[in-house]
Structure formats: C-alpha cells, structure tokens
Amino acid sequence: MIEDDKKRRLKKLVIIVIAIFAALVGASYLVYSLLQSGHMPPMALLVLAAVISIAIPMIRSNFFPSDRDCATEYAFHEQRLEKEMLQHISDSLGPDSLNDLFSQPDQYRASAGDHLEQLLTQENVPQNPDLHFALLLLLARFHEKNGTPRSSIALLKAALEIKPQQFVARMHLAVNYEWIGETEEACRHYRILLDHPETLSGAMKKLVATHLKNIQLK
C-alpha cells in the first residue's frame, strides 16, 4: 500500500514537472517568435514577465517546497488558529477574559491553567463547539509550555473529538506522543493527516511526511 502511494506520488510529480517544463518552453518560444516578428508590444512583454516571475515561486513553494517554506507555512497556520481561538473566547466570554489568561501576547499567566479548567466546567461551553475547542487547545498548549505533555495529550484528543480534521491540533498531538516516546501513536496520527492529502498543501504534506520519516529512521 505504501509503495503504491509512493509510485502514484512519483508519477504525479513527473507529470507536473513535464507540464511545467512544457509551459515554460512554450511561453519562451511564444515570446521569442513575437519579438522576432516585431508584434510584441513592450507592455505585453512586461505583463508576461511579471506573470512568470509570480508563477515560478508559487509553483516551487506548492510542488517543491523547501524546509523553510514548510516551517513558514506551519507558523502561519499556528498564528491564524490562535487568532481565531482568542476571537471565539473574546466574543463568547468578553474581551476581559483574555486578561485572565495572558500577561502579554503568547505569555500565559501562572494561573491560566486553573482559570481555563474553571471555564471548561461551565455548562454553556459544550454547547458552543468553537469556544469548547478553543479552551481545550489553549489548555493543552499551557501544559506543553509547562512540560506536561501527557496532560496536553488528553486535552488534544478531546479537542479533536470536536474538530477531527483540525490540522494543527493533530500535529500537536502527534508531536506530544513523540515527546513521551510513544512513536507508534505519533506515526498513527501523522498517517491520519496523510490519509486526506487533498486537504493539505504541498508544504504541509512534506512537513508531515518528514516527521513520519524521521520517526521511522530512529
């Protein structure tokens, strides 16, 4: 099964490379022909050059992402999710509620864990999936930062019951399993992410596959 997946990915990659190469050769030939005939307006040449200069980096980052591309995109997903979670908490519990959790951006108060646990006991929280997920994930991150990954794992599993397709939460879960040495469970969650490659960008597929490969090489 794994070998079949590798063959399919390799075949797809070869087709993409050939298509990109053919498109670049075709565009170059078109420009050359128009320049030779004298029918190529300077403005059109500038527009074509701009399109190519934009397209090439996009193609590279999507189909041939570097490690830096992977790290940058993952950081973007982390930051976007955090903003969404804080917005849900602010909208549901009031903006002042964030002051009880953070002393400054990305800096938890020492009492944040107790406060989040108290909020999770409120009866209305389970009726608001976005708020419930946000509180669980923030508490999981609090435990990560305090070096208690087993507590984080339980919370991440609960959060994924609410949003099973949430990429960042499952990445955190897999990484925490790696942290405590449960590599089989880590691999299982990385594979869950790769079971739906259509939902991931090229950079995120490479990031997950790299984590999986690193575990298997140990």
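Described in the following lines is the structure provided in the data block. What you are looking at is a predicted structure, and each value in this text was computed from that prediction instead of being measured. (Residues numbered from 1 in each chain as written. Predicted model: local features only at pLDDT ≥ 70, side-chain atom pairs only at ≥ 80, totals over all residues. Heavy atoms only, no water.)

### Side note on the overall build of the chain
Move 1: Helices and strands together make up the secondary structure of the chain, namely 9 helices and 2 strands.
Move 2: From first element to last, N terminus to C terminus, the chain shows the α and β order α-α-α-β-β-α-α-α-α-α-α.
Move 3: For the chain, the residues scored as buried account for 33% of the 218 residues in total.
Move 4: Pairs at least 24 residues apart make up 53% of the contacts formed inside the chain by residues separated by at least 6 positions.
Move 5: If you sum the accessible surface of the chain, you get close to 13700 Å²; carbon and sulfur atoms cover 60% of it. (Helix = DSSP H or I, 4+ residues; strand = E, 2+ residues; numbered from the N terminus. Buried < 20%, exposed > 50% of the residue type's maximum accessible area, 1.4 Å probe, protein only. Contact = heavy atoms within 4.5 Å. Areas by Shrake-Rupley, 256 points an atom, 1.4 Å probe, with all protein chains shown as cover.)

### What about the layout of surface pockets?
Move 1: Its volume calculated, the second largest pocket comes out at about 350 Å³.
Move 2: The wall of the second largest pocket is formed by 18 residues, among which Gln165, Gln166, Phe167, Thr199 and Leu200 lie closest to the centre.
Move 3: Looking at the lining of the second largest pocket, the elements with two or more residues in it are helix H3 (67-93), helix H7 (167-179) and helix H8 (183-194).
Move 4: Looking at the lining of the second largest pocket, the element that brings in the most residues is H3, giving 5 residues.
Move 5: Of the residues in the lining of the second largest pocket, the class split is 8 nonpolar, 6 polar and 4 charged. (1 Å grid on protein atoms, 1.4 Å probe; cavity = no way out; pocket = protein on both sides within 12 Å on 5 of 7 lines; lining within 4 Å. Points joined across faces, edges and corners; volume = space filled by probe spheres on them. Nonpolar A, V, L, I, M, F, W, Y, C, P; charged D, E, K, R; others polar.)

### A closer look at the nonpolar core
Move 1: If you look at the biggest cluster of nonpolar residues, it comprises 47 residues, and the most contacted ones within it are Ile89, Leu101, Leu135, Leu138, Phe167, Met171 and Tyr190.
Move 2: Counting residues per element, the ones that place at least two in this core are H3, helix H4 (112-120), helix H5 (129-145), helix H6 (149-162), H7, H8 and helix H9 (202-217).
Move 3: Broken down by element, this core gets its largest block of residues, 10 residues, from H5.
Move 4: The contact partners of Leu135, leaving out residues within four places of it in the chain, are Ile89, Leu116, Leu119, Leu120 and Val125. (Core = buried A, V, L, I, M, F, W, Y, C linked by side-chain atoms within 4.5 Å.)

### Some words on the packing of aromatic side chains
Move 1: All told, the structure shown has 3 aromatic pairs when counted by the stated rule.
Move 2: With a centroid separation of 6.1 Å and an interplanar angle of 75°, the aromatic rings of Tyr74 and Phe167 are classed as edge-to-face. You can see Tyr74 sitting in helix H3 and its partner Phe167 sitting in helix H7, a full 93 residues away along the chain.
Move 3: With a centroid separation of 5.5 Å and an interplanar angle of 75°, the aromatic rings of Tyr108 and Phe142 are classed as edge-to-face. On the criterion of sequence distance, the pair formed by Tyr108 in strand E2 (residues 107-108) and Phe142 in helix H5 is long-range, its members being 34 residues apart.
Move 4: Taken together, the aromatic side chains of Phe102, Tyr108 and Phe142 make up a single cluster linked through ring pairs.
Move 5: One Lys or Arg, Lys163, reaches over the ring of Phe133 and ends 4.9 Å from the middle of that ring. (Phe/Tyr/Trp six-rings, centres within 6.5 Å; stacked < 30°, edge-to-face > 60°. Lys NZ or Arg CZ within 6 Å of the ring centre and 35° of its normal.)

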